[in-house]
Amino acid sequence: YELELRLKPSGGTALQESLLEYVCKEELEGVECGHCSSRQNATRNICLASLPPVLSLQLLRFVYDMSTGGKKKVHSPVEFPEELSISGGLLGEGSPLA
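The rules behind each value
- Per chain, residue numbering runs from 1 following the sequence as it is written.
- Given that this is a predicted model, residues contribute local features only at a pLDDT of at least 70 and side-chain atom pairs are listed and counted only at 80 or more, while totals for whole chains, interfaces and linings are drawn from all residues.
- Side-chain numbers here rest on the full set of heavy atoms in the structure, without hydrogens or water.
- Runs of H or I in DSSP of at least four residues are treated as helices and runs of E of at least two as strands, each being numbered from the N terminus.
- For every residue, the accessible area (1.4 Å probe, protein chains only) is compared with the maximum for its type, and the residue is labelled buried under 20%, exposed over 50%, or partly exposed between those bounds.
- What makes two residues a contact is simply this: any of their non-hydrogen atoms within 4.5 Å.
- The criterion for a disulfide is a pair of cysteine sulfur atoms lying within 2.5 Å.
- What the arc measures is the spread of directions leading from the helix axis to the C-beta atoms.
- By nonpolar core we mean a set of buried residues, namely Ala, Val, Leu, Ile, Met, Phe, Trp, Tyr and Cys, connected to one another through side-chain atoms within 4.5 Å.

Student: A description of the side chain of serine 76 should follow, citing residues and the corresponding values.
Tutor: Summarising the element assignment, serine 76 is placed in the loop between β7 (70-73) and β8 (78-79). Under the relative-accessibility criterion, serine 76 is labelled buried at 7%. With residues up to four places along the chain from it excluded, the contact list for serine 76 reads Lys8, Pro9, Ser10, Gly11, Thr13 and Arg61.

Student: Go over the state of the cysteines, please, and point to the residues and values.
Tutor: What the rule picks out here adds up to 0 disulfides. Among the cysteines around cysteine 33, which has no disulfide bond, cysteine 36 carries the closest sulfur, lying 3.6 Å off. The class of cysteine 33 is partly exposed, set by a relative accessible area of 22%.

Student: Quick one: what's the story with helix α1 (residues 15-23), residue by residue and with numbers?
Tutor: Three or four residues apart is the spacing at which side chains of an α-helix point the same way, because the helix has 3.6 residues per turn. Of the residues making up α1, those classed as buried are Leu15, Ser18, Leu19 and Val23. Around the axis of α1, the buried residues are gathered within 130° of arc, so they sit on the same side. For α1, the elements touching its buried residues are β1 (2-6), β2 (13-14), β5 (56-60) and β8.

Student: Run through the environment of lysine 71, naming residues and quoting values.
Tutor: Mapped onto the elements, lysine 71 comes out in strand β7. Note: C-alpha distance between lysine 71 and arginine 61 (10 residues apart in sequence) is 9.8 Å.

Student: I'd like a description of the nonpolar core, backed by residues and values.
Tutor: Within the largest apolar cluster, 6 residues are counted, these being Leu3, Leu5, Leu15, Leu19, Leu48 and Ile86. Residue assignment for this core shows that the elements contributing at least two residues are β1 and α1.

Pasting the structure below:
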């Protein structure tokens, strides 16, 4: 299993901060309803129901550069804790780990 985590282009990024951003709610406007074909506002979010024995974290170190129209490497440092606590906002309500 693998999670793709975004990094801040400037300043430092803590791993826990990137994980929280990965699971935060996203407000979507004008999503087409599959049942009635009307446009609705919706909320999308990701929650971790359970954790695998091994979890790979992919750090997305490239961002789109609007000025050049290409990719730009993120050189900001990433803080890794010795032990990673995955709880609270990262886990879903039905998770046995919550």
